[in-house]
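Notes for the structure review
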Amino acid sequence: MNDMRKIERDAKMAETKITARNVNVFYGETHAIRDVNVDIADKTVTAFIGPSGCGKSTFLRCINRMNDTIDICRVTGDIQLDGTDIYATSVDPVQLRAQVGMVFQKPNPFPKSIYDNVAYGPRIHGLARTKSDMDEIVERALRRGAIWDEVKDRLDQPGTGLSGGQQQRLCIARAVATEPEVLLMDEPCSALDPIATAQVEELIDELRQDYSVVIVTHSMQQAARVSQKTAFFHLGHLVEFNDTDEIFTNPKDPRTESYITGRIG
Amino acid sequence: MVLFAFLLLLGATFVAYALNRRAAISIRANGTQLHSLESFHGLFAALTVLVPVLVGILIWLVLEGTVVDWVMIRSLPEGTFDDLGSGASQLIVAEIKSIAGGRVFGTPEPWKTEAAERLVAYNRIADWVLVALVAVSAAMLLWFARRSVAAQFRARQSAERIVLGLMVFCAVAAIFVTIGIVFALTFETIKFFQVVPVTEFLFGTSWEPQIPIREDQVAAEGAFGAVPVFLGTIVISTVALFIAIPVGLMTAIYLNEFANRRIRSAVKPVLEILAGVPTVVYGFFAVLTVAPAIRSFAASIGVDVAPNTALAAGGVMGIMLIPFISSFADDALSAVPRSLRDGALALGATRGEMMVNVLFPAAIPGIVGGILLAVSRAIGETMIVVMAAGLIAKMTINPLDSVTAVTVQIVTLLIGDTSFDNPKTLSAFALGMMLFLVTLVINIFALRIVRKYREIYD
Ligand SMILES: Nc1ncnc2c1ncn2[C@@H]1O[C@H](COP(=O)(O)OP(=O)(O)O)[C@@H](O)[C@H]1O
Ligand SMILES: [Mg+2]
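Cut-offs applied
Here the residue numbering is sequential within each chain, running from 1 through the sequence in written order. Each chain takes a letter, starting from A, and each ligand takes a number, starting from 1, following the order in which they are written. Restriction of local features to residues with pLDDT of at least 70 applies here, the model being predicted, together with a cutoff of 80 or more for giving and counting side-chain atom pairs; totals for whole chains, interfaces and linings are based on all residues. For side-chain calculations, the full set of non-hydrogen atoms in the structure is used, while hydrogens and water are omitted. The way it works is that DSSP assigns letters per residue, a run of H or I at least four long becomes a helix, a run of E at least two long becomes a strand, and they are numbered from the N terminus. Type-normalised accessible area, obtained with a 1.4 Å probe on protein chains alone, sets the label of each residue: buried when under 20%, exposed when over 50%, and partly exposed for intermediate values. Contacts are residue-level and defined by heavy atoms, with any inter-residue pair within 4.5 Å sufficient. The protein chains shown are the only cover counted for residues, whose accessible areas, like all others here, come from Shrake-Rupley with a 1.4 Å probe. We treat Lys and Arg as the positive residues and Asp and Glu as the negative residues; His and chain ends play no part in the count. One atom stands in for each charge, and that atom is NZ of Lys, CZ of Arg, CG of Asp or CD of Glu. How far a helix is expected to stretch is found by multiplying one less than its residue total by 1.5 Å. For each residue, the test is whether any non-hydrogen atom lies within 4 Å of the molecule or strand; if one does, the residue is near. Pairing of N or O atoms within 3.5 Å defines a polar contact, subject to two protein rules: one partner must be a possible hydrogen donor and the other a possible acceptor, and residues neighboring in sequence count only if both atoms are side-chain atoms. Under this grouping Gly is polar, as are all residues other than the nonpolar Ala, Val, Leu, Ile, Met, Phe, Trp, Tyr, Cys and Pro and the charged Asp, Glu, Lys and Arg. Here, any two strands with at least 2 DSSP bridges between them count as paired. Interaxial angle, 0 to 180 degrees, is taken between N-to-C directions of lines fitted to C-alpha atoms, where a helix line uses only the stretch in contact. What counts as buried area is the accessible surface, traced by a 1.4 Å probe, that two parts surrender upon association, with contributions from both included. Whenever a carboxyl oxygen of Asp or Glu lies within 4 Å of a side-chain nitrogen of Lys or Arg, that contact is scored as a salt bridge. These domain limits were set by an automatic method or by a database of domain assignments. Working definition: rings of Phe, Tyr and Trp (its six-membered ring) pair if their centres are within 6.5 Å, and the pair is stacked with planes under 30 degrees apart, edge-to-face with planes over 60 apart, and tilted otherwise. Here, a charge over a ring means that NZ of Lys or CZ of Arg falls within 6 Å of the ring centre while also lying within 35 degrees of the ring normal. Known as pLDDT, the predictor's per-residue confidence is scaled from 0 to 100.

Of the regular secondary structure elements, chain A holds 11 helices and 10 strands. Summarising its shape, the C-alpha atoms of chain A cover approximately 55 × 45 × 35 Å along the three principal directions. Counting across all 265 residues of chain A, residues that qualify as buried make up 54%. Counting only contacts in chain A whose residues sit at least 6 apart along the sequence, the fraction spanning at least 24 positions is 66%. In the form shown here, chain A has an accessible surface area of approximately 11,700 Å², with 47% of it arising from carbon and sulfur atoms. Here chain A carries 31 positive and 39 negative side-chain charges, and the mean point of each set is 1 Å from the other.

This part covers helix H7 (residues 164–176) of chain A. All names here are of chain A. Taking 1.5 Å of rise per residue, the 13 residues of H7 would be expected to cover 18 Å, and the 19 Å separating its terminal C-alpha atoms lies within 8% of that figure. Buried residues dominate H7, accounting for 12 of its 13 residues. Within H7 the residues assigned to the buried category are Gly-165, Gln-166, Gln-167, Gln-168, Arg-169, Leu-170, Cys-171, Ile-172, Ala-173, Arg-174, Ala-175 and Val-176.

Attention shifts here to the site of ligand 1. Residues and elements named next belong to chain A. Neighbouring ligand 1 are the residues Tyr-27, Ala-32, Ser-52, Gly-53, Cys-54, Gly-55, Lys-56, Ser-57, Thr-58, Ile-70 and Ile-72. Within the backbone of Gly-55, one N or O atom sits 3.1 Å away from an oxygen atom of ligand 1. For ligand 1, the accessible surface in isolation is 560 Å², of which the surrounding protein chains cover 63%. At three residues, the largest contribution of residues to the shell around ligand 1 is made by helix H2 (residues 56–63). When its residues are assigned to classes, the shell around ligand 1 shows five nonpolar, five polar and one charged.

A word on the sheet that holds strand S2 (residues 30–41) of chain A. Residue and element names in this part refer to chain A. Pairing within the open sheet is antiparallel, and its four strands lie in the order S2-S1-S4-S5. If you trace the sheet from one side to the other, it starts and ends with S2 and strand S5 (84–85), each paired once. The pairing of strand S4 (residues 73–81) with S5 spans two bridges and is classified as antiparallel. Residue Gln-80 lies in a different strand from S5, and its bridge partner there is Asp-85. The sheet strands contacting H2 are strand S1 (16–27), S2 and S4, and the helix crosses S1 at an angle near 120 degrees.

This part covers the interface of chain B and chain A. Each partner contributes to the interface: chain B provides 21 residues, whereas chain A provides 26 residues. Of the roughly 1,900 Å² buried between chain B and chain A, counting both surfaces, carbon and sulfur atoms make up 59%. At the boundary of chain B with chain A, the tally comes to zero salt bridges. If you look at where chain B meets chain A, you find five residue pairs in polar contact (both at pLDDT 80 or more). Among the secondary structure elements, those contributing two or more residues to the side of chain B that touches chain A are helix H11 (338–346), helix H12 (351–380) and helix H15 (423–457) of chain B. The dominant element in the side of chain B that touches chain A, judged by the number of residues it contributes, is H11 of chain B, at eight residues. Class assignment for the residues of the side of chain B that touches chain A results in 11 nonpolar, five polar and five charged.

For helix H8 (residues 261–276) of chain B, spanning 16 residues, the distance from its first C-alpha to its last is 23 Å, which sits close to the expected 22 Å at 1.5 Å a residue. Structurally, the start of H8 of chain B carries an N-cap: the backbone nitrogen of Arg-262 of chain B is 3.1 Å from a side-chain oxygen of Asn-260 of chain B.

When its domains are assigned, chain B resolves into domain 1 (2–165) and domain 2 (223–457). The gap between the C-alpha centroids of domain 1 of chain B and domain 2 of chain B is 47 Å.

Bringing the packing of aromatic side chains into the picture now. The final tally for this structure, using the stated rule, is 13 aromatic pairs over all chains. The rings of Phe-192, Phe-193, Phe-201, Trp-207 and Phe-224 of chain B are connected pair by pair, giving a single aromatic cluster. Directly above the aromatic system of Phe-110 of chain A lies the positively charged group of Arg-174 of chain A, at a separation of 4.2 Å from the ring centroid.

When pLDDT drops low, the exact placement of atoms in the prediction is not to be read closely. For chain A, the average pLDDT comes to 90, and 94% of its residues sit at 70 or higher. Within chain A, the element-level pLDDT minimum falls on helix H1 (residues 2–13) of chain A, averaging 52, and the maximum on strand S3 (residues 45–49) of chain A, averaging 96.

See below:
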């Protein structure tokens, strides 16, 4: 209980990292996100929950402009990271994505060695000048990904040879290697078994120390376990956004209540 | 008549299907549980009739001509061929056959006309025998199939076994044809090497096979050193690949990653058309457009080049290979999972970096496979080089010179009056054998590389 209160306090103290105002997303004619406004705090885990197809992933992909890679996708509205409009013409999406890391639903290590997987981001962004710099970055990232001990003796082996849970932690390490400020995770545990899931959840909780973490999940228990803030999406609307225990114990909107009690799914 | 035999067989097949199906249905109607569905009983009967009889008819058709000829030859007056060589005997048989076919030249001797009439009669008899055999065997198989219908009969398994046998037969047939080709090639090649030493062929640097014309001149002055011929093929193929690989890969990368949908839908069909152009048309292009262009350009900068340069032939061959490589590479790139692209982009890679560092390595097996296939095609390509490359074998690696190619030599050696026992003709088989071996090695090499990369990237 003490713990819970401490987390709450942390969440309240944290400053806003991302502000979204009147965000709309269209896939061709499909209106996937409708007028979403949200403030995402720093050093906090924010969970997006909602029935599938409600636009959680779509909104998440607005934050690192991954939607730019989809031809038919159009984003309107205003999203700011530390007060800078990330859709401004002066912002390079390539640079933005180094600042806003992303972890996907299915672990997607590159068909390269474990070392090269982690070194890839730092390499393309020129973060290491020497080999030993790079070694250091890789080790730090793997430690933060809570996988260093498991792979330190086989850094030259292919990343694709790891187990699913290890692969996902490798992907998290790969994402944190570019020193991002925000970490987006789209259902990072849905392809993992319960033990691997528990490991990744523990890791997410640690990552909160350094990053603003946004996690999409279809599991309400997971949202309750790892997040301090929860946003409930429904049919493209952001229905309710509040402290996690508030959402789960005292939902304001009837749609939220139906969802968390299992009536909309 | 043969058509009639086939129709008969087809009819019997349908009858067998219907009969057995009906029989099976009536068993079921009596309330007995059937092991297999009725249609499988029908299918089993149809296959039982169709497959053996069809194979029989085909074998018959292959052998019929030989047997009938043999019978006809036996019926000729004693001693017809006594003083004649094998060539003259064959001529007589051919003449009789053409009379039988209604093509009479001049007035043939009466015994030839009689033989022709006999030949016609034998052929008619053979046809009737065929029809009768088909009818009898179809009826027997029909009866056999009909008798096997029973509640417990495993018609599905039996039908599947027959189909499986058919598939195995087809697969094996392809292999055997290949082996047959290799044997024929090897046989002729060995004959060639009995006349010309292997070492001269493999290491000789002078290729002048056209010189021995009369039989008593055999190889006296002809030179059969294949090195310059292969060198020509290598020069031309290298030029072609120098054009095709970069252009093809760039095309694939552009289409796959950078082109918008409109451009892609315009360029892809064009590439497919390019891939379908007959090589003889490329040959025209090389001879009429590219070669003169190269020549006049070279003249304008004061260089004198041959009218049929390796550059022209190789360049046009390269254009031919572009769609080949680009479509292979495009498929390989498209097969890389979307999640890998997203992973790289989400790390802040530009599209170019993502392409070079992630997509390309993951697609390497497919790309290498495509390139090696293109190499095989370049080496084996015939029409363009026949039209655009030279005939004289020269020891040169200068692409501005006129060179010849292996395929060109094979074609020219086998065109026109040839007899299959002089080294000039036989050398074509040796060249073909070499070509076959080289392509074989390349393909083995290709498979090796592909497998090695698979291990790394899976
Ligand atoms: N690439 C796409 N092209 C077209 N429509 C899409 C695409 N991605 C998502 N959508 C549509 O946008 C809506 C929201 O999808 P998504 O964000 O994936 O939902 P969630 O992640 O909440 O399950 C859905 O109706 C989906 O059909
Ligand atoms: Mg989703």
